[in-house]
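One-letter residues, chain by chain:
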Amino acid sequence: MSETRVRFAPSPTGYLHVGGARTALFNWLFARHAKGSFIIRIEDTDSERSTGEFETMLLEDLRWLGLTWDEGPGAGGDYGPYRQTERTGTYREFATRLVSEGKAFPCFCTDEALEAKREEMMKAGKPPQYDGACRNLGGAEREAMRAKGFPESVRFLVGGDPVRKIDDIARGEVSFPTEMVGDFVILRSNGLPTYNFAAAVDDAMMKITHVIRGAEHLPNTLRQVMIYEALGMAMPRFAHIPLILGADRTKLSKRHGAPNIRDYRDKGYPPEALVNYLAFLGWSTKGGNEIMSMEELTEEFDLGRVSDSPSIFDEAKLNWISSNHIRAGGAGRYLEAAMPFFPAKLKERYGRDELARIFDIVSENLPCLSMLEREAAPFVPGAPVYEAGAAEMLGGKGALLGAFISAFGGLDPWGGDGIREAIKSTGKAEGVKGKDLYMPLRVAVTGFAHGPDLVSILEIRGRDDVLGALAGAAARPGA
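Computed from a prediction, not measured in an experiment: that's the story for all the values here.

Draft legend 1. Structural detail: the overall build of the protein. Within the protein one finds 19 helices and 11 strands. Taking 23 Å as the expected radius of gyration for a compact globule of 479 residues, we find that the protein reaches 32 Å, considerably beyond that expectation. When the backbone C-alpha atoms are referred to their principal axes, the protein occupies close to 105 × 50 × 35 Å. For the protein, with 479 residues in total, the buried portion stands at 50%.

Next comes the structure, spelled out in structure tokens:
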């Protein structure tokens, strides 16, 4: 059996989108499960939109996700170069061969003429296909067109079997009527290949065994199948994985939130959490497990379990998966990554051990590290900044706050058990319990009505800081 070889071929025209990352992940998991090779190929022939900056960021984000490659930019390999702009000579060579074999032909139609014909066909209710104007030009006619300076592209001559079929791993048998496409361009007048021609040639020359890509590429498959046949090249197996839609069941885009990986990375989502979530967009496990490591995903991944229905991108589900990873990893796994997100006053006041403890406390419900600024705010020392509506909860609580000051002032040593007992005894003495006891204390010290474990906050903040916050709250008008 030949080695399994798959590729992810992004165009460096923007950030790594969630859909592209999911495609890269499925290819990576498939290759690693089969102990095969994962290849990165940069499809950069869109000269107006492709940039080196976007390529760099795409590759950085793939590495951040843990999707390292065996061949491609920075890794080398026996089938390079791995950027299409460095392979243009190869495409021209194959296009010339197809023309010489009568399987393609030069086309001198201008963009303006093609657009006019397209509009006429659409008005007549016909599919806007190429009308074959240059298909049967003789050699002398072609030379005359060249002499007049007409732009010259190369079109593939569509013909052969009326129906092409593929056995799609994810969708079963798919049939393509040949008549659905007209003679299509494979080499533009500027000498650059079209997507379908370059992709088919590259996949064949790089010995790609499986093409795993989004369902939106399904219409491209007919053209690529015909190119493989015309060139006598081995055709890979295809797996078209389902689309990813927003909650409104429209194509996922920026208006749905943060559809690219860099956004989630900047928000402090752990890469393993994002990978875990992306794996379940169109795929499921045998046992129904939802929290899985990269190793577990690799072990179980099977294209046969890919759905043929669109997946809905649910950020609430992503947050749930991510919070599970953060809670399980705790400070031991995530403290270093979390450091930039801690409020500056916390880092000024506390040492690494205390920050680690704070992280473990708030990580009980932390979907991403950028939420640390809000979740860790109750631990910020000094007079609190009251959230909206919180200060009103201190009205008429001066006596209770004073009792807390007395109870905490004589507490030695300052620790969780002692604090807990002091709160309990204060409640008994004042005839207060439940939220009427704890809520004023929390608001007075932290400024928030809700938050992490209150005793832990008081213990970490320290006696002097807690007493200062309580005194300030007790002195407020109306307390």
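What follows continues from the structure just given.
Draft legend 2. Representation of the side chain of glutamate 300 in the model. Among the secondary structure elements, glutamate 300 is positioned in helix H10 (residues 294–300). Look at glutamate 300: it is buried, it has no salt bridge, and the nearest opposite charge is arginine 305 at 5.3 Å. Those residues within four positions of glutamate 300 in sequence are excluded, and the remaining contacts are His33, Trp283, Thr285, Lys286, Gly287 and Met292.

Draft legend 3. Broad picture of unusual backbone geometry. A cis amide bond, omega 0 degrees, links glycine 80 with the succeeding residue proline 81. In this structure, proline 81 sits in the loop between helix H2 (52–65) and helix H3 (88–100). Looking along the chain, the bond that leaves aspartate 412 and enters proline 413 is cis, with omega of 5 degrees. Even without a glycine there, the phi angle at arginine 249 is positive, about 65 degrees. Its place among the elements puts arginine 249 in the loop between strand E10 (244–245) and helix H8 (261–266).

Draft legend 4. Quick peek at the environment of arginine 41. Examined against the element boundaries, arginine 41 turns out to sit in the loop between strand E2 (37–40) and H2. Along the primary structure arginine 41 and isoleucine 212 are separated by 171 residues, whereas in three dimensions their C-alpha atoms are 14 Å apart. Here the side chain of arginine 41 touches glutamate 43 through a polar contact of 3.3 Å, side chain to side chain.

Parameters and conventions
- Residues numbered from 1 in each chain as written.
- Predicted model: local features only at pLDDT ≥ 70, side-chain atom pairs only at ≥ 80, totals over all residues.
- Heavy atoms only, no water.
- Helix = DSSP H or I, 4+ residues; strand = E, 2+ residues; numbered from the N terminus.
- Rg over C-alpha atoms; globule rule 2.2 N^0.38 Å.
- Buried < 20%, exposed > 50% of the residue type's maximum accessible area, 1.4 Å probe, protein only.
- Lys, Arg positive; Asp, Glu negative; His and termini not counted.
- Salt bridge = Lys/Arg side-chain N within 4 Å of Asp/Glu carboxyl O.
- Contact = heavy atoms within 4.5 Å.
- Polar contact = N/O pair within 3.5 Å; in protein donor to acceptor, adjacent residues only side chain to side chain.

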